[in-house]
Amino acid sequence: MSNSPSAKDSATTNATNPARPEDEKLPLRLMLVYGLQHILTMYAGAVAPALVIGAAAGLANDPAAMGILVSGALLVAGIATLMQTVGHKRIGAQMPIVVACSFVPVSAITALAAGQNGENLPVAFGASMAAGVFALLLTPFFGQLIRFFPPIVTGTIITVIGVSLMPVAARWIMDGATHVAVDGSEVPAAPLGNLALAGLTLAVILIGSRLFPGIWGRLSILLGLIVGTLVAIPLGAADFSRVGEADFVFNPASVFYFGAPQFEVTAILTMCIIMLVVLTEGASHIIAVGEITGSKVDAKRISAGLRADVSGSIIGPIFSATPTSSFAQNIGLLALTGIRSRYVVATGAAILLTLGMFPVLGGVMAAIPTPVLGGAGLVLFGSVAASGVKTLAKVDFTNNLNLILVAASVGVAIIPLAYPTFYSFLPESVELIAHSGIIGAAIVSILLNICFNVIGRGPSASPAEIDQAEIGSAGPGEAKYTDQAGATYRGEEEREADRSETGEAERPERT
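Residues numbered from 1 in each chain as written. Predicted model: local features only at pLDDT ≥ 70, side-chain atom pairs only at ≥ 80, totals over all residues. Heavy atoms only, no water.

## Concerning the overall build of the protein
Consideration 1: Broken down by element type, the protein carries 21 helices and four strands.
Consideration 2: Within the protein, buried positions represent 56% of all 511 residues.
Consideration 3: Once local pairs closer than 6 in sequence are excluded, the contacts in the protein between residues at least 24 apart make up 80%.
Consideration 4: Counting only carbon and sulfur atoms, one obtains 64% of the accessible surface of the protein, whose full area is about 21100 Å². (Helix = DSSP H or I, 4+ residues; strand = E, 2+ residues; numbered from the N terminus. Buried < 20%, exposed > 50% of the residue type's maximum accessible area, 1.4 Å probe, protein only. Contact = heavy atoms within 4.5 Å. Areas by Shrake-Rupley, 256 points an atom, 1.4 Å probe, with all protein chains shown as cover.)

Printed below as a string of structure tokens:
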């Protein structure tokens, strides 16, 4: 008998023992405890995109609007996770996978939403909804496209995403402060008090990550936010006086709170490219969960899981939320605890829905001082870049042009970050796309991969085995196991085709 917690509970608490390990049903009290554990693991990462985008849209000082963004993110996460865990067999992988607002589109959405009082959010939400429909149409055929997104491509894109988010953390720490330069001009700068708050928050997160074991180490981000905010209150740097402006309970009239979605071609094109990365990440996560739980994962199940991911992206704008994807840190939790039941994660989804019903909680999150958020952002956004680097570490750079591919892609991505006006001479519609370092990196890496590694390439090498020890270190936005996902997905499709031709019956599911 397995010595995992799930097995122990089954032996002692009358839990069911179904053929599929993910169908195990634990007693309600255990599902509540383990479900809450999943939510604590992903909560900071789930609400962070809403805080980043709200600040970019000029809503940092509007608790009511920020409350809508945060509660919307939680509501959509709950809905998408329910679809993924207990949904229909064609919409949802029926596996213990947590789905929430992804970090991957954040940089592009902040560029689209930049403005005052949320005036440009309808454009961002319209692009998200249209790109979600585009991705949904691709799900049945994604097995044919995933070969264009090997680790060399996804690793480069994820690294660029993390780097491009760093200016957001810096702006949070500066909080609009300026310094008078020698020539008399005012330049953005971080006051010493802001640096101290950000440094304290970062120190608490680092110490907590080092001292707390396993899952509790992941709560160090929440601990850092709490400690930083408590220190800021007596210093007058935290203002909770406007929290009451947010609705206490979710108001159905608040759907499309910022207005009806607006559909602009350039914005939609930008988000469609981003959604290709989201699909690749989602497919790799489904494969990883299958390996951990011992469940059968075939092309049909991957397609069903991806439909749940992108359905959250389509529904999201209704509740003022951004595109969704599976969360890697919760995959790590599956490996750490051995709890494989999808009903545990479904219980966590119910907790997310409950939290989302109270926008006032989002108002409290919005009142956290921005320097404190900036200190946490250094870790959150840095972990995205580090995840991309880990993916690139699996790539062979000897006797090929992969190093040139990464160098060119990163170089193109850094230009608009270093010089935001670099493309100002281009037409406005083209500038919007060119200004996104993520889009530049995606286009260059995909095209160069086709030229260097696809055209005229010999038979693919066997994919590397999944390292179970690495799963627990998965970070937000991490596209892990993409090589395994691509190979497994394509291989499964080929086997399905062979069985169809020979009339062979489908293999029985593993138990």
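What follows continues from the structure just given.
## What about the confidence of the model for the protein?
Detailed reading of the predicted coordinates is not advisable wherever pLDDT is low.
Consideration 1: Counting all residues, the mean pLDDT for the protein is 77, and 79% of those residues have values of 70 or more.
Consideration 2: No element of the protein has a lower mean pLDDT than helix 1 (residues 5-12), at 42, and none a higher one than helix 5 (residues 121-138), at 92.
Consideration 3: Counting contacts from residues 458-490, a segment whose pLDDT is below 50, to residues more than four positions away or on other chains yields 87 contacts. (pLDDT = per-residue confidence, 0-100.)

## Describing helix 5
Consideration 1: With 18 residues, helix 5 should reach 26 Å at 1.5 Å per residue; the first-to-last C-alpha distance of 26 Å fits that figure.
Consideration 2: Counted residue by residue, helix 5 has 14 buried out of 18 residues, so it is predominantly covered. (Expected span 1.5 Å × (residues − 1).)

## Focus: the nonpolar core
Consideration 1: Core analysis: the biggest nonpolar cluster contains 116 residues, and Met42, Leu59, Phe103, Leu121, Ile161, Phe258 and Phe381 have the highest contact counts within it.
Consideration 2: In terms of residues, this core owes the most to one element, helix 11 (residues 265-293), which gives 16 residues.
Consideration 3: When near neighbours in sequence (up to four residues on either side) are disregarded, Phe381 contacts Val52, Phe103, Gly162, Leu165, Met166, Val168, Ala169 and Trp172.
Consideration 4: Core analysis: the next-biggest nonpolar cluster, separate from the first, contains six residues, Leu26, Leu30, Tyr34 and Ile339 among them. (Core = buried A, V, L, I, M, F, W, Y, C linked by side-chain atoms within 4.5 Å.)

## A look at the pattern of salt bridges
Consideration 1: Evaluation of the coordinates by the stated rule reveals one salt bridge.
Consideration 2: Asp23 is paired through a salt bridge with Arg342; the nearest N and O atoms lie 2.6 Å apart. Taken together, the residues span a long stretch of sequence, with Asp23 in the loop between helix 1 and helix 2 (28-56) and Arg342 in helix 14 (residues 342-356) at a distance of 319 residues. The same class applies to Asp23 as to Arg342, namely buried. (Salt bridge = Lys/Arg side-chain N within 4 Å of Asp/Glu carboxyl O.)

## Things to note about the packing of aromatic side chains
Consideration 1: For the structure shown, the criterion picks out two aromatic pairs.
Consideration 2: A ring pair is formed by Tyr257 and Phe258, whose centres lie 4.9 Å apart and whose planes are at 80 degrees; its orientation type is edge-to-face.
Consideration 3: The exposure class of Phe258 is buried, given its relative accessible area of 14%.
Consideration 4: Stacked on the ring of Tyr343, the Lys or Arg Lys25 has its end atom at 5.1 Å from the ring centre. (Phe/Tyr/Trp six-rings, centres within 6.5 Å; stacked < 30°, edge-to-face > 60°. Lys NZ or Arg CZ within 6 Å of the ring centre and 35° of its normal.)

## Side note on the packing of helix 11 against helix 12 (residues 299-315)
Consideration 1: For the pair helix 11 and helix 12, the least separation of the axes is 9 Å and the interaxial angle reads 135 degrees. One way to sum up the angle between helix 11 and helix 12 is to call them oblique. Crossing hand, helix 11 versus helix 12: right-handed. Here helix 11 contributes Met275, Leu279, Gly282, Ala283, Ile286 and Ile287 to the contact with helix 12, which in turn contributes Ile302, Gly305, Leu306, Asp309, Val310 and Ser313. (Axes fitted to C-alpha atoms, helices over the stretch in contact; angles between N-to-C directions. Parallel < 35°, antiparallel > 145°, perpendicular 65-115°, else oblique. Left-handed = near helix turned anticlockwise from the far one by under 90°.)

## Observations concerning a nonpolar patch on the surface
Consideration 1: Residues Ile226, Leu230, Ile233, Phe240 and Val364 make up a contiguous nonpolar surface patch of about 420 Å² in total accessible area.
Consideration 2: Inspection of the secondary structure assignment puts Phe240 in the loop between helix 10 (220-232) and helix 11. (Patch = residues over 30% accessible without salt bridge, like charges linked within 9 Å, V, L, I, M, F, W, Y side chains within 5 Å.)

## Brief notes about unusual backbone geometry
Trans peptide bonds make up most of the peptide bonds, and negative phi angles are found at most residues other than glycine.
Consideration 1: In this structure, Gln94 takes a positive phi of about 55 degrees despite not being glycine.
Consideration 2: In this structure Gln94 comes out as buried when scored by relative accessible area, which is 16%.

## Side note on the side chain of Thr110
Consideration 1: Relative to the elements of secondary structure, Thr110 occurs in helix 4 (residues 106-113).
Consideration 2: Ignoring anything within four residues of it in the chain, the contact list for Thr110 reads Val52, Ile53 and Ala56.

## Details of the environment of Asn117
Consideration 1: If you trace the backbone, Asn117 turns up in the loop between helix 4 and helix 5.
Consideration 2: Exposure remark for Asn117: the relative accessible area of 63% places this residue in the exposed category.
Consideration 3: Here Asn117 is in contact with Ala57, Gly58 and Leu59, once residues within four sequence places are set aside.

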